[in-house]
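Survey of secondary and tertiary structure
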Amino acid sequence: MRTYFIAGNWKMHKTASEAVALASELVKELKDGPHKYMIAPSFTALDAVSKVVKGTNILLGAQNMSTDESGAHTGEVSVLQLKDLGVQVVILGHSERRHTYKEDDAMINRKVKLALSHGLEVILCVGELLEEREAGKAEKVCEDQTRLGLAGVSAADLKKITIAYEPVWAIGTGKTATPEDADAIHAFIRKIIADMYGKAAADEIVIQYGGSMKAENAQALLAKENIDGGLIGGAALKADTFKPIALCK
Ligand code: PEP
């Protein structure tokens, strides 16, 4: 059986007490789960959820972090502050950060390198807009975001990187890429990693799919050779909808 990396991105949902309730349920439900798990609550719930998942098989993730370690950056959260709360993984380059908050590849790359330098694992999100897909540019967009996001990352540090392929048109829309279309882009990203780091690294890297993954489509997506897990938004907000994905065989 393959081991997948199943991660939940809770976005700007849940108060601290609601987040603790869901995390507590997941700790119970997934304690014998066969896969690697992560949940990423809002910054405001990290401290409380950290206490719930400590010592369990669920990693604590953050949804973003600053490009800087400390300083005059009103409203930002630093890698040191995340580490202090027990955060182990950080999601970087999510499409909502790229497109709503205008984070560019250079900024995302700074964050990636800073997170790695402090020993955090990184989920680097890449993915094309609908108009880019329709213009036949999906591969080019994913290639650029992968190469620029990983610029200057050593082969040793690549082991701490997961790539999440998230076609922007499939996020929160209910539209999922077909397993075949998703697998084709995953295979293409693996080829880029092989070009950058060699075949062994490309075979090893975990590439998650994200974009309206749910119980009904997870099995078919995860059955594909190049899909090694999922980054899940909407369906991660309830134990009842996250658990069937998290326990997929
Ligand atoms: C996401 O935000 O990373 C995501 C994939 O969301 P959803 O599952 O809701 O499409």
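Everything below is about the structure printed above this text.
The text that follows walks through the structure, step by step, so that each part is easy to find.

Criteria and thresholds
- Residues numbered from 1 in each chain as written.
- Predicted model: local features only at pLDDT ≥ 70, side-chain atom pairs only at ≥ 80, totals over all residues.
- Heavy atoms only, no water.
- Helix = DSSP H or I, 4+ residues; strand = E, 2+ residues; numbered from the N terminus.
- Buried < 20%, exposed > 50% of the residue type's maximum accessible area, 1.4 Å probe, protein only.
- Contact = heavy atoms within 4.5 Å.
- Lys, Arg positive; Asp, Glu negative; His and termini not counted.
- Charge placed at Lys NZ, Arg CZ, Asp CG, Glu CD.
- Near = heavy atom within 4 Å.
- Polar contact = N/O pair within 3.5 Å; in protein donor to acceptor, adjacent residues only side chain to side chain.
- Areas by Shrake-Rupley, 256 points an atom, 1.4 Å probe, with all protein chains shown as cover.
- Axes fitted to C-alpha atoms, helices over the stretch in contact; angles between N-to-C directions.
- Left-handed = near helix turned anticlockwise from the far one by under 90°.
- Nonpolar A, V, L, I, M, F, W, Y, C, P; charged D, E, K, R; others polar.
- Salt bridge = Lys/Arg side-chain N within 4 Å of Asp/Glu carboxyl O.

1. Quick notes on the overall build of the protein chain
In terms of helices and strands, the protein chain carries twelve helices and eight strands. With respect to the three principal axes, the spread of C-alpha positions in the protein chain is 45 × 45 × 35 Å. Across the 249 residues that make up the protein chain, the buried fraction comes to 52%. Within the protein chain, counting contacts between residues at least 6 apart in sequence, those at least 24 apart form 72% of the total. Distance between charge centres in the protein chain, computed from 30 positive and 33 negative side chains, equals 3 Å.

2. Some points on the environment of Val153
One can find Val153 in the loop between helix H7 (138–149) and helix H8 (155–158). With relative accessibility at 8%, the residue Val153 sits in the buried group. For Val153 and Gln63, which are 90 residues apart along the polypeptide, the C-alpha to C-alpha distance reads 20 Å. Filtering out sequence-adjacent residues up to four positions away, Val153 remains in contact with Val112, Lys113, Leu116, Leu158 and Tyr197.

3. Regarding the site of the ligand
Taken together, 14 residues surround the ligand, and among them Lys11, Glu166, Gly172, Ser212 and Gly234 come closest. For the ligand, an oxygen atom lies 2.7 Å from a polar atom in the backbone of Ser212. Between the ligand and the protein, one listed contact pairs an oxygen atom with a backbone N or O atom of Gly233 at 2.9 Å. For the ligand, the protein covers 95% of the area, taking 290 Å² as the surface of the free molecule.

4. Concerning the packing of helix H1 (residues 16–29) against helix H12 (residues 239–246)
At a closest axis distance of 11 Å, the pairing of H1 and H12 adopts a crossing angle of 35°. The two elements H1 and H12 meet at a crossing, and its hand is right-handed. Contacts between H1 and H12 involve Leu22, Glu25, Leu26 and Glu29 from the first element and Ala239, Phe242 and Lys243 from the second. In terms of residue class, the contact of H1 with H12 is built from four nonpolar, no polar and three charged.

5. Here we look at the pattern of salt bridges
Close approach of charged atoms allows side chains of opposite charge to pair. Under the counting rule described, the total for this entry stands at 18 salt bridges. Arg133 is paired through a salt bridge with Glu128; the nearest N and O atoms lie 2.7 Å apart. Residue classification places Arg133 among the partly exposed residues on the basis of a relative accessible area of 25%. Exposure remark for Glu128: the relative accessible area of 0% places this residue in the buried category. Arg147 is the salt-bridge partner of Glu143, the closest N and O atoms lying 2.8 Å from each other. Taken together, the residues span about one helical turn, with Glu143 and Arg147 both in helix H7 at a distance of four residues. Each member of the salt-bridge network shares a partner with another, and the members are Arg2, Arg190 and Asp228.

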